[in-house]
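# Descriptive analysis of the structure
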Amino acid sequence: MKNRFLAATAGLALVAGAAAAEEVRVYNWSDYIDDSLLTKFEEETGLDLIYDVFDSNEVLETKMLAGGSGYDVVVPSGTFLQRQITAGAFQKLDKSKLPNIENMWDVIEERTAKYDPDNAYSINYMWGTTGIGVNVGKVKEALGDGAPIGSLALIFDPANMEKLAECGVHFLDAPVEMIPAALKYIGEDPDSHDPDVIAKAEDVLMGVRPYVQKFHSSEYINALANGDICVAFGWSGDILQARDRAIEADNGVEIAYNAPSEGALMWFDQMAIPVDAPNPEGAHVFLNFIMDAQNIATASNYVYYANGNKASQPMLVEDVIGDPAVYPDEETLKNLYTTTPYEAKVQRVVTRLWTKIKSGT
Amino acid sequence: MRRFLLIFTPYVWLLALFLVPFLIVLKISLSDTALAIPPYLPVIEWSEGWQGFKDFLSQLDFENFTWLSQDDLYWKAYLSSLKIAALSTLLTLLVGYPIAYGMAQAPDEWRPTLMMLVILPFWTSFLIRVYSWMGILGNEGLLNQFLLWTGVISEPLHIMNTPTAVYIGIVYTYLPFMILPIYAALEKLDSSLLEAAEDLGCSRLSAFWLVTIPLSKNGIIAGSFLVFIPALGEFVIPSLLGGSGTLMIGKVLWEEFFSNRDWPVASAVAVVLLLILIIPIILFQRNEQKAREADQ
């Protein structure tokens, strides 16, 4: 009886202790970290970590622009970050509290400075390309051994898509990814903000739209891994995670990722601190923790995305650092392009086009 | 004084939870989108007092409503939502009425248990129940596996990501809202009225049509409103069960809000949706009132 009483009070004390600890609230993409890092952060810093996830930049942006999100660290992609900085959504980083910032990789910092001048508001978390994931066996079955698995023709040529429709194709539900790719396929400037040029992407996408099973930005990881679909146009690391899950499940599914030979979109996910973050102090502690070479290496080894941390490279497993799908070689790097945020009027054209493509109206 | 309080309370409720939010939405619908926090302009400058308020008013306009009338997307979405909501309400009524009738006819001691069974699904999260329909209706789902196993079909049925799946989801989710008011109306029904009708030469079927249905009319109407109104703005069910071709106004609103970051247009869509809902309800109540006056 006495023991039970003791246990109960101990439990209460624990609850009280937890409530008293400081909280850091992080809002990151889904399937984007090794969970062991979350516990490690709490153990090392004594801070309580509240970790929520999202799967679209649009949802994050709405929370940022509404204000009062309650998060201390958020992870928008480059173009979204740039727009939100203009809207005044973020606070400048106090780099004196970020000693690990010296670990960062200048090659990536140069590129992210395009979105965030001097990298004053953000640090790079991961970067990658948008490309084509295929179930090698099923695609060869549908299209023969010469299937163009590394080319945009695989997903934008209706003749190919018609044959692939039977085994299932997913596209990202993100016009800012799909429209540049469609423009690249027909040889236009993927970063065009001209509504007349953007309209040309409509013809390409409408032509293959009937063969797309679903527009979704996260379901394809599992769908590829368990063989429900045979092609996904998605983010590099997500497709490599699918490859890994299939190997683990030992279900005979072989997944491959290719950045399209015509050119692939290169994107950067940046960690930033909202202007109204309840605990900016804790947010800096979290950013510094993430920039620790060993920690970010653990994350990259788990999610198969390249990071912007030079010091972490010796700790990356060969599967990650040695895979040109993750860390592209010089040749591929030249073939990558970036985009800039659309103005409000162009954004409306893009969203309207996207609704039309998805719903046929 | 007590009477005043009694009337006053629901009005405060209405004011705080309906009118004030509505005015905020209306205000945003008259603004212009901007890259700021919050993402629209103008914002009232309280510091400048009355002048600030007047400046604010002068910047409002109906541009967003004009915009809605120019793109056929919005009308198509409203019409398609109306169709889906109306058809689901009808289906829910067809399924719900017999259940409510059966409950009202059941022996007294069964009724609390039956009532409990109707309410029981609410104990599980709505989202989980919709997700389980994804597991049932999918190509490799339980339903297809069962039908293939029994040999009723040889090819799996494609139900997931079609309008059929949306109807199934809405009817399933809102069924209790239809059953409960109808049951409440039927339970109060005086069975001696039915006996009287039969004594006067009515068959059981015509007694049902001439006595039971009219007396449960209020329950049917209440149930239909409870299903129709939320179904019209439904977002979760069509986005989880429907395909990209299922156009509903809830989805359009979401796109305006999240993808375009255009809160003013999103608010204008919401204001029009509210008008679509409120006008028939007001007309209906007028009609009812006239009928009541005519009775007297």
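Quick caveat, the model's predicted, so the values are computed rather than measured. (Residues numbered from 1 in each chain as written. Chains lettered and ligands numbered in written order. Predicted model: local features only at pLDDT ≥ 70, side-chain atom pairs only at ≥ 80, totals over all residues.)

Helix and strand content of chain B: 14 helices and two strands. For 296 residues, the compact-globule formula gives about 19 Å, and the C-alpha radius of gyration of chain B, at 24 Å, lies well above that figure. Reported as C-alpha extents along the three principal axes, the dimensions of chain B are approximately 75 × 65 × 35 Å. Per-residue burial for chain B yields a buried fraction of 26% across its 296 residues. Considering only contacts within chain B whose residues lie at least 6 apart along the sequence, 69% involve residues at least 24 apart. (Helix = DSSP H or I, 4+ residues; strand = E, 2+ residues; numbered from the N terminus. Rg over C-alpha atoms; globule rule 2.2 N^0.38 Å. Buried ≥ 20, exposed ≤ 12 C-beta atoms within 10 Å, placed from the backbone. Contact = placed C-beta atoms within 7 Å.)

Turning our attention to the interface of chain A and chain B. Between chain A and chain B, the residue contacts involve 22 residues of the former and 17 residues of the latter. Going through the elements one at a time, helix H3 (57-66), helix H4 (78-86) and helix H17 (344-359) of chain A are the ones with two or more residues in the side of chain A that touches chain B. Taken together, the residues that form the side of chain A that touches chain B break down as seven nonpolar, 10 polar and five charged. (Nonpolar A, V, L, I, M, F, W, Y, C, P; charged D, E, K, R; others polar.)

This brings us to unusual backbone geometry. Residue and element names in this part refer to chain B. Look at the link from Ile-37 to Pro-38: it is a cis peptide, with omega at -10 degrees. Of note, Pro-38 is situated in the loop between strand S1 (32-33) and strand S2 (40-41). The omega torsion across Leu-41 and Pro-42 is -5 degrees, close enough to zero to call that bond cis. Along the chain, Pro-42 falls in the loop between S2 and helix H2 (49-58). Its identity is not glycine, yet Arg-261 carries a phi of approximately 55 degrees, on the positive side.

Time to look at the UniProt feature "transmembrane region" (unreviewed entry) in chain B. Residues and elements named next belong to chain B. UniProt marks residues 12-30, 77-101, 113-134, 165-186, 207-232 and 263-284 with the feature "transmembrane region" (unreviewed entry), using the numbering shown here. The span residues 207-232 carries 96% helix and 0% strand; its end-to-end C-alpha distance comes to 34 Å. In residues 263-284, the share of helix is 100% and the share of strand is 0%. The end C-alpha atoms are 32 Å apart. (UniProt positions renumbered as here; feature names shortened; annotations may be inferred.)

Quick look at the domain arrangement of chain A now. Residues and elements named next belong to chain A. Here chain A is described as being made up of domain 1 (22-127 + 269-328) and domain 2 (129-266 + 339-359). Relative placement of domain 1 and domain 2: their C-alpha centres are 26 Å apart. Taken together, the contacts link 14 residues of domain 1 with 16 residues of domain 2. The dominant element in the side of domain 1 that touches domain 2, judged by the number of residues it contributes, is H4, at three residues. For the side of domain 1 that touches domain 2, the class distribution of residues is seven nonpolar, four polar and three charged. (Domains from an automatic or database assignment.)

Residues and elements named next belong to chain B. Relative to the helices and strands, Tyr-167 resides in helix H8 (residues 163-187). You can call Tyr-167 partly exposed: it has 19 C-beta atoms within 10 Å. Taking the C-alpha atoms as reference points, Tyr-167 and Ile-84, 83 residues apart in sequence, are found 7.4 Å from one another. For Tyr-167, the contacting residues outside a window of four places in its chain are Leu-87, Ser-88 and Leu-91.

What follows concerns H4(A). Residue and element names in this part refer to chain A. The buried fraction of H4 amounts to eight of the nine residues, a majority that puts the element mostly inside the structure. All buried positions along H4 are accounted for by Gly-78, Thr-79, Phe-80, Leu-81, Gln-82, Arg-83, Gln-84 and Ile-85. The secondary structure elements touched by the buried residues of H4 are H3, helix H5 (106-112), strand S4 (122-135), helix H9 (175-185) and strand S9 (264-272). Positioned one or two residues after H4, Gly-88 has a phi angle of 80 degrees, which is positive.

In this section: the packing of helix H1 (residues 2-29) of chain B against helix H14 (residues 263-295) of chain B. Residue and element names in this part refer to chain B. In contact at an axis separation of 7 Å, H1 and H14 are set at 125 degrees when each is read in the N-to-C sense. Between H1 and H14, the interaxial angle falls into the category oblique. Between H1 and H14 the crossing geometry is left-handed. Together, Val-25, Leu-26, Ile-28 and Ser-29 of H1 and Trp-263, Pro-264, Ser-267, Ala-268, Ala-270 and Val-271 of H14 make up the contact between the two elements. Of the residues belonging to the contact of H1 with H14, the class tally is eight nonpolar, two polar and no charged. (Axes fitted to C-alpha atoms, helices over the stretch in contact; angles between N-to-C directions. Parallel < 35°, antiparallel > 145°, perpendicular 65-115°, else oblique. Left-handed = near helix turned anticlockwise from the far one by under 90°.)

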